[in-house]
Amino acid sequence: MDAHERITRNTAEVVTEEEIETLADDPDGKRAYVGYEPSGVLHIGHMLTANKLIDLQEAGFEVTVLLADVHAYLNDKGSFADIRSTAERMRDQFIAYGLDESNTQFVLGSDFQLDEDYTLDLHALELETTLARAERAMADIKSGDSVKVSQAVYPLMQALDIPYLGVDLAVGGMEQRKVHMLARDVLPSIDREPPTSLHTPLIADLGTGEGKMSSSTGVTISMEDSREEIEAKVNKAYCPPTADPDPTEESVERENPVLQVFEYHVFPRFETVVVERPEEYGGNLEYEAYEALEADLESGELHPADAKGALAEYLDRLIAPGREQLAE
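Residues numbered from 1 in each chain as written. Predicted model: local features only at pLDDT ≥ 70, side-chain atom pairs only at ≥ 80, totals over all residues. Heavy atoms only, no water.

Identification of the protein chain as Tyrosine--tRNA ligase from Halorubrum glutamatedens is taken from an unreviewed UniProt entry. One UniProt comment on the protein chain, placed under Sequence similarities (unreviewed entry), says "Belongs to the class-I aminoacyl-tRNA synthetase family. TyrS type 3 subfamily." Here the protein chain is described in UniProt, under the heading Function (unreviewed entry), as follows: "Catalyzes the attachment of tyrosine to tRNA(Tyr) in a two-step reaction: tyrosine is first activated by ATP to form Tyr-AMP and then transferred to the acceptor end of tRNA(Tyr)." (UniProt positions renumbered as here; feature names shortened; annotations may be inferred.)

So this is what it looks like as structure tokens:
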């Protein structure tokens, strides 16, 4: 797998392809970043972008993880003291999950976002941005139903973080796309380069296959979950025998979240996936690529219940180091 394939695999979008190709031509020493509001416990959404950071490290990138304590405060996620106390726990979980500690820099937002130069540049961006534009950028990531002034400033800070962190590539889920497009629009106004960005897919709700998986609504999986809890959640997951399920009666589009987790979480981290089955039901199945597993589910060779059993096993292997770190 060459650098470009490793950088772009399992992505929903890159902006722009030409810029990504330039980075892939000479990735050594380039810097990529992703920002997370400190929440204390990693969940499957964090793990998806973390998988991409691991890909980038293997391609030659250095990685910066922004533990965005100021952003979390602006998004009404608690007091500064509470937010900061969770940031260190998240750092240890990322390392336990598989990020290369020697090649990962963890930065608190408050380490630089309260400095005078940053504040003045932020005010300059505020002068260039309408409230409606900032609200659109924040629509997919805000907390609560109404927009507060703090949440209008939030996406401008995300845009400004990119040049202040000195990174070459901004990474995030598709919910961050509007923020990164805002950054490309406004940063040239303060003589900063528009960022290259890479967006990972959104995983559907585990129980219904609709929308996106969320730690605040529906069912999600986190590093707090025991093996038994993982098995229980996966066993209840929506998993029709197809990668392209029909919409609901209300015409809501659905995905197969079990297959999505296999594709974006399991196969990037394991060279071979074994689905264990009794000999009377055909014996074990072994897969070296996601596409083969999907094809067997579609053909009926792989039963959804057996797929779920294997998924719970491999998720538990991924989560176990972080779970042990939390216990310590």
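The next point concerns a negative patch on the surface. A grouping of Asp244, Asp246, Glu253, Glu255 and Glu298 is seen on the molecular surface, where their side chains present a negatively charged patch. Structurally, Glu253 is set in the loop between α10 (227–235) and α11 (257–266). For Glu253, a relative accessible area of 56% translates into the label exposed. (Patch = residues over 30% accessible without salt bridge, like charges linked within 9 Å, V, L, I, M, F, W, Y side chains within 5 Å. Areas by Shrake-Rupley, 256 points an atom, 1.4 Å probe, with all protein chains shown as cover. Salt bridge = Lys/Arg side-chain N within 4 Å of Asp/Glu carboxyl O. Lys, Arg positive; Asp, Glu negative; His and termini not counted. Charge placed at Lys NZ, Arg CZ, Asp CG, Glu CD. Helix = DSSP H or I, 4+ residues; strand = E, 2+ residues; numbered from the N terminus. Buried < 20%, exposed > 50% of the residue type's maximum accessible area, 1.4 Å probe, protein only.)

A separate point is the UniProt feature "binding site: L-tyrosine" (unreviewed entry) in the protein chain. Per the UniProt annotation, the sites labelled "binding site: L-tyrosine" (unreviewed entry) are Tyr33, Tyr154, Gln158, Asp161 and Gln176. Looking at the element boundaries, Tyr33 is found in strand β2 (residues 31–36). Here Tyr33 falls in the buried class, since its relative accessible area comes to 4%. The contacts of Tyr33, once residues within four sequence positions are left out, are Thr64, Leu66, Gln158, Asp161, Ile162, Leu165, Val167, Leu169, Ala170 and Val171. Inspection of the secondary structure assignment puts Tyr154 in helix α8 (residues 149–165). (Contact = heavy atoms within 4.5 Å.)

So, about empty space enclosed by the protein. Under the defined criterion, the tally for this structure stands at one cavity of 30 Å³ or more. When its volume is computed, the largest cavity comes out at roughly 40 Å³. Lining the largest cavity are Arg9, Asn10, Leu48, Asn51, Lys52, Asp55, Thr200, Tyr264 and Pro268. The biggest single contributor to the lining of the largest cavity is helix α3 (residues 44–59), with four residues. Looking at the lining of the largest cavity residue by residue, the class counts come to three nonpolar, three polar and three charged. (1 Å grid on protein atoms, 1.4 Å probe; cavity = no way out; pocket = protein on both sides within 12 Å on 5 of 7 lines; lining within 4 Å. Points joined across faces, edges and corners; volume = space filled by probe spheres on them. Nonpolar A, V, L, I, M, F, W, Y, C, P; charged D, E, K, R; others polar.)

It is worth spelling out the pattern of salt bridges at this point. Following the criterion strictly, the structure yields 21 salt bridges and no others. Across the salt bridge formed by Arg31 and Glu62, the nearest N and O atoms sit 2.5 Å from each other. Residue Arg31 is found in strand β2, and its partner Glu62 is found in strand β3 (residues 62–67); the two are separated by 31 residues along the sequence. Residue Arg31 is classed as buried on the basis of its relative accessible area of 17%. A salt bridge links Arg133 to Asp185, with the shortest nitrogen-to-oxygen separation between them at 2.6 Å.

Turning next to the domain arrangement of the protein chain. Quite often, the size of an interface is put as the accessible area lost when its parts meet. Considered domain by domain, the protein chain is made up of domain 1 (3–200) and domain 2 (227–327). For domain 1 and domain 2, the distance between their C-alpha centres works out to 29 Å. Of the residues lining the interface, 15 residues belong to domain 1; the matching set on domain 2 comes to 13 residues. Counting each side, the surface lost to burial between domain 1 and domain 2 is near 1,200 Å², with a carbon and sulfur contribution of 61%. Taken together, the links from domain 1 to domain 2 amount to zero salt bridges. The interface formed by domain 1 and domain 2 contains seven residue pairs in polar contact (both at pLDDT 80 or more). When contributions to the side of domain 1 that touches domain 2 are tallied by element, the ones reaching two or more residues are α3 and α5 (80–97). Residue classes in the side of domain 1 that touches domain 2 are distributed as seven nonpolar, five polar and three charged. (Domains from an automatic or database assignment. Buried area = accessible area lost by both parts, 1.4 Å probe. Polar contact = N/O pair within 3.5 Å; in protein donor to acceptor, adjacent residues only side chain to side chain.)

This part covers helix α12 (residues 290–299). Among all positions of α12, only Tyr290, Leu293, Asp296 and Leu297 are buried. Within α12, the buried residues cover an arc of 130° as seen down the axis, which keeps them to one side. Residues of α12 that are exposed and angled more than 90 degrees away from the buried face: Glu291 and Ser299. Residues of α12 that are buried make contact with α11, β8 (285–287) and α13 (304–327). The first or second residue beyond α12 is Gly300, which carries a positive phi of 95°. (Arc of directions from axis to C-beta.)

Attention shifts here to the sheet that holds strand β4 (residues 104–108). Spatial ordering of the open sheet is given by β1-β6-β5-β2-β3-β4, a layout of six strands whose pairing is mixed. The open sheet has two free edges, formed respectively by β1 (13–15) and β4, since each of these has just one partner strand. Each strand axis lies, on average, 20° off the axis of its neighbour in the sheet, ignoring direction. Alignment of β3 against β4, held across five bridges, turns out to be parallel. Within β4, the position partnered with Leu67 by the bridge is Leu108. (Pairing = 2+ DSSP bridges. Axes fitted to C-alpha atoms, helices over the stretch in contact; angles between N-to-C directions.)

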